[in-house]
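Structural overview for review
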Amino acid sequence: MYILLFLPYYIRWHYTRAWQDFFQNWKTFVSFLYSFFSIRALLSTLFAPWRRLGEERVNNFDPESFLGFVIVNGLMRLLGFVIRLPVVLFGLFFIFSVFLLGVFLSAMWLIFPVALLFVFSLSLKGLFGI
Amino acid sequence: MKFTELKEKLSSYKPIFFLEKSVSHRVRLVFKKVLLFFLVISFLTTLGFFGAPTARETGGFFLVLFLFLMFSALDAFYYSFYFKKISGEEFYFELAEIIFKTPKEDAIKGFVNSVVGSTILFRCGIAEEDLKSFLKNRKLFTQTSHLNILKKDSIFESYIDALFSADQEFRNFILAHGLTPRIISKASSWVLGMINRSKSNERWWGAERLSKIAPIGRGWAYGVAYELMHWSSPIRFSPDQAHELHQEEVAVLEALLSRSKDANVLIIGEEGSGKMEILEGLARRILEKKSTASLVDKKILVVDSVVIFANTTEKSKFESVCIGIFNAAVEAGNIILVFPDFSAFVQGAESLESDINGLLVPYLTSPSLHFVGISDLPKYHEILEPNQTLKTHFETILVKEGDEKQVLRILEEEILSLEFDEGVFFTYPAILEAIASARQYFVEESLFNSSTDLLFDATAFVKADGRVVVTAEDILSVVKTKTGIPTGVIDEVEKHKLQNLETLLHERIVGQDEAITSISDALRRARSGVSNPDRPIGSFLFFGPTGVGKTETTKALAEIFFGEKAKILRIDMSEYNTADALNRLIGAFDGETPGVLSSMIRESPYGVLLLDEFEKTNEKVLDLFLQILDEGFFSDVLGRKVNARNLIIVATSNAGSEHIFESIEKKKNLNEMKEEIVDGIVREGIFKPELINRFDGVILFSPLSNTELREVAKIMLFRLSWRLKEKGMELVVNNTLLDFLVEKGSDQKFGVRPLNRAIQDTIEKKVADKIISGELRPGSKIEFSDFDLR
């Protein structure tokens, strides 16, 4: 009895407010991933030395220590870049995937009631051969 | 607002109300979990993990998939409506559920029978059987049309109030359980908040939940402070706490630490006022990315000064460790260093003869390192305040203790984890009682800490008793065990005592009706809970000549009301008239000499404090009592609170005795002359009027008449007779003896003192002589004649 009462409400919601909710959640996920993978912070410090490791620069010019400074700091920057870049790429990949998934799900949402009936019919066919 | 209007406003919840009626949310959640399990199994089966799938197995997979998708869609539908805001007001689906289910002819039934309604009442300590019996035995039914819903804090509370106002029977039922409509309203907000939070937590995809997941890679641009790992640890905090105990202070701390220079803060406050909670609040804001941009990646590390001092017994070692810590923190670039007892750190450094200013100042000005020092007030005044160099680099935040409302909000949240950990269930009145009791009986600790302690102790108490529900009575039992103060329901013996206090006191005190009535009234007020809990149980100033029963009244009161073992905390105030009197009472600054008054009250916080010869102490001490009488507590020299709220304070004084004698000689009514006599005492500068006004009662003791003296003599002789009886001898108390004593012991100036002396010098002496001579032996009887007494 009650199921019949709420069904019209559901159908109306499915094609109206549910879209708002859907896009809101989609946006939340994308911004979460952007923040979780610290994309902005990692990009802005992409070439910064890893964990601030490095040699201190000495003022009096000594070719040997200057070379040491350049090499060590260069290596630390490289290490920072090597670690950060995959995380940034991984994050971007996830964001892109969620974006694509969102497109796919929104398309699915459109046909969801029909798709649900289709899945149900598949189950009937499998179980009872109908 | 009428019921129908409210129903109309809530009509947008109808879709999920119908859904709930078909398949409830709880059932859907369980089904979804089961379906998810079968979905994985059937999916693997369909993929051929367990051999080639049959058509039925594939059909089974599609059936499970169909059901899972359907339930997921229904849940999305449910959450969408559940969290929908209606025209900006805080409506709840739970209220809509009650309203839609309420029959027109019985408004109470709809509320009591609803899941939320019965949960609220159960949380208030009302048993299910009581509710059923109430519903069954009601005589009148309130129609929904009779409800008048007045706008209040929340619409749910308004609705509950409307139910109480419309249905007297329901109101009486609630009141009979020791509850008030206000408690039910507050409990309803709490229960609804819990339901709402748990629904929010189900939505793991919600922005609020996702914001609490710590990001990766944010700290990679900062260094790792390896040196710091030995000497400090990250701040511990609960990321899920929704309310802050010190919201304003957290905001101030955030603003101060966000400055580009000298961003160092000293958090000072009394012991247990929640200083560390401010930093925990900041840590939550940083985690949730709500803090200012300059604090966004900061790490809060708490330095373990004890470990530092345990490992550095020399100045050079100490300084090198400190410099190592500070350098590591500067290099890391995102550290907020917290010193939980900054005063002790500075003091420890000074004891090693280290130049703490020279050590700290270069780092205090650094933009890459923030210091937060925490200190209690007395140590701040003693150690940090005089150090002007340090003071210029720190901003101070003075923490005020959280009030009852704030503490309640935090406890409402924390109680759930306590219930989960301990396997018990707290009623809402138990939480309220824990806060009220903490405020009244444990002022020396912070309200939050002592209320939490009470809840913990009550948990152990209930579990030992084999129960799971913690009630307000359990909290009061814990208070009684911890303090010895009678709390909770008044039993028959105590009831009898309270009702007959005047008669019981008169068994020992002759005359002095006014004093006895005032004291008895004060005690009844205190025990019934109508007196001001922020002041002592009662406070009285007894004026009168020597030997009229001032001290005896106090002793009788202590014994009758507080039991025979009750201690009277007696202080002869004439001993406290020197310059150091205040320090002798509350402790000396060296911290080694404890105060007489503070130690006394800490040891026996419940009973009678008798201040003899109150007028003879000095002004500073009188000012201390001004505070005690007003606020019910004072602070000792170390700043620790001493609770005097469970004492009856009686101060006695001979001041004004001459005026009393004068009035009696002129045959004037002492009560009518009271104002004049007290004014005289004030005029003479003995007591300030504000001190006299702080007492609950100023009582004049009149000199004893011969009839009263005769009664006192009788009481004294009966005491002697009782002592002799224990030795097997009998003393006959006859008129001859009484006439003799009244004649010999009658001196209005000294009250019963001469009478006492007459008994000692004459009667007791004669009895002693007879015992020594062998004339009086066990079994013999002694009766004095006129001749014996000459």
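Computed from a prediction, not measured in an experiment: that's the story for all the values here. Counting of residues starts from 1 at the beginning of each chain's written sequence and follows it residue by residue. Just so you know, chain letters begin at A and ligand numbers begin at 1, following the order they were written in. The predicted origin of the model limits local features to residues at a pLDDT of at least 70 and limits the giving and counting of side-chain atom pairs to 80 or more, whereas totals for whole chains, interfaces and linings rest on all residues. Side-chain calculation: all heavy atoms of the structure are included, whereas hydrogens and water are not.

Turning to the interface of chain A and chain B, a few remarks are in order. Tallying the contact residues gives 35 residues for chain A and 45 residues for chain B. As used here, buried area is the combined drop in accessible area, with a 1.4 Å probe, of two parts when they are placed together. Summed over both partners, the interface of chain A with chain B buries about 3,700 Å², with 73% contributed by carbon and sulfur atoms. A per-residue breakdown of the area chain A buries against chain B is headed by Tyr 2, Arg 51 and Arg 52 of chain A, which together make up 18% of the total. Salt bridges are defined as contacts in which a side-chain nitrogen from Lys or Arg sits within 4 Å of a carboxyl oxygen from Asp or Glu. Taken together, the connections running from chain A to chain B amount to 0 salt bridges. Each residue gets one label: Ala, Val, Leu, Ile, Met, Phe, Trp, Tyr, Cys and Pro are nonpolar, Asp, Glu, Lys and Arg are charged, and the others, such as Gly, are polar. Taken together, the residues of the side of chain A that touches chain B break down into 23 nonpolar, 7 polar and 5 charged. Contacts between residues were defined by any pair of non-hydrogen atoms, one from each residue, lying within 4.5 Å.

Residue and element names in this part refer to chain B. A full pass over the atoms with the stated rule returns 42 salt bridges over all chains. Among the ionic pairs, Glu 613 bridges to Lys 616, the shortest N-O distance being 2.2 Å. A 1.4 Å probe rolled over the protein chains alone gives each residue an accessible area, and that area as a share of the maximum for its type sets the label: buried under 20%, exposed over 50%, partly exposed in between. With a relative accessible area of 37%, Lys 616 lands in the partly exposed category. For Arg 694, the salt bridge is made with Asp 630, and the minimal N-O distance between the two is 3.4 Å.

Attention now moves to helix α3 (residues 25-46) of chain B. Residues and elements named next belong to chain B. Secondary structure elements follow DSSP: runs of H or I of four or more residues count as helices, runs of E of two or more count as strands, with numbering from the N terminus. One less than the number of residues in a helix, times 1.5 Å, gives the span that helix is expected to have. Taking 1.5 Å per residue as the helical rise, α3 with its 22 residues ought to reach 32 Å, and the 30 Å between its terminal C-alpha atoms agrees with that figure. Listing the buried residues of α3 in full gives His 25, Arg 28, Leu 35, Leu 39, Ser 42 and Thr 45. One side of α3 holds all its buried residues, which, seen down the axis, span an arc of 125 degrees. Seen from the open side of α3, the exposed residues pointing more than 90 degrees away from its buried face are Arg 26, Lys 33 and Phe 37. Of the surrounding elements, those touching the buried residues of α3 are α2 (14-22), α4 (55-82) and α11 (181-202). Downstream of α3 by a residue or two, Gly 48 has a phi angle that is positive, lying close to 95 degrees. Of all possible arcs, the one meant is that of the directions from the helix axis to the C-beta atoms.

Residue and element names in this part refer to chain B. One requirement defines pairing of two strands: DSSP has to find at least two bridges between them. Taken in spatial order, the 6 strands make up an open sheet running β1-β3-β4-β5-β2-β6, and their pairing is mixed. Edge strands, defined here as strands with exactly one partner in the open sheet, are β1 (232-234) and β6 (395-399). Adjacent strand axes in the sheet meet at a mean angle of 25 degrees when their direction is disregarded. Sheet topology places strand β4 (residues 335-339) next to strand β5 (residues 369-376); 5 bridges connect them, and they run parallel. Across the sheet, residue Ile 335 finds its bridge partner in β5, namely Leu 369. This element, helix α15 (residues 275-287), spans β2 (265-269), β3 (299-303), β4, β5 and β6 of the sheet and lies at about 150 degrees to β5. Geometry is summarised by axes, namely lines fitted to C-alpha atoms with helices restricted to the contacting stretch, and by angles between N-to-C directions that run from 0 to 180 degrees.

Moving on: a nonpolar patch on the surface. Residue and element names in this part refer to chain B. Patches were defined on residues exceeding 30% relative accessible area and lacking a salt bridge, with like-charge contacts within 9 Å and nonpolar side-chain contacts (Val, Leu, Ile, Met, Phe, Trp, Tyr) within 5 Å. For every accessible area listed, the method is Shrake-Rupley and the probe measures 1.4 Å; residues are considered covered only by the protein chains on display. Among the surface-exposed residues, Val 30, Val 34, Phe 37, Phe 38, Ile 41, Phe 43, Leu 47, Phe 49 and Phe 50 lie close enough to one another that they form a single nonpolar patch of about 930 Å² accessible area. Note that Phe 38 resides in helix α3. Judged by its relative accessible area of 44%, Phe 38 is partly exposed.

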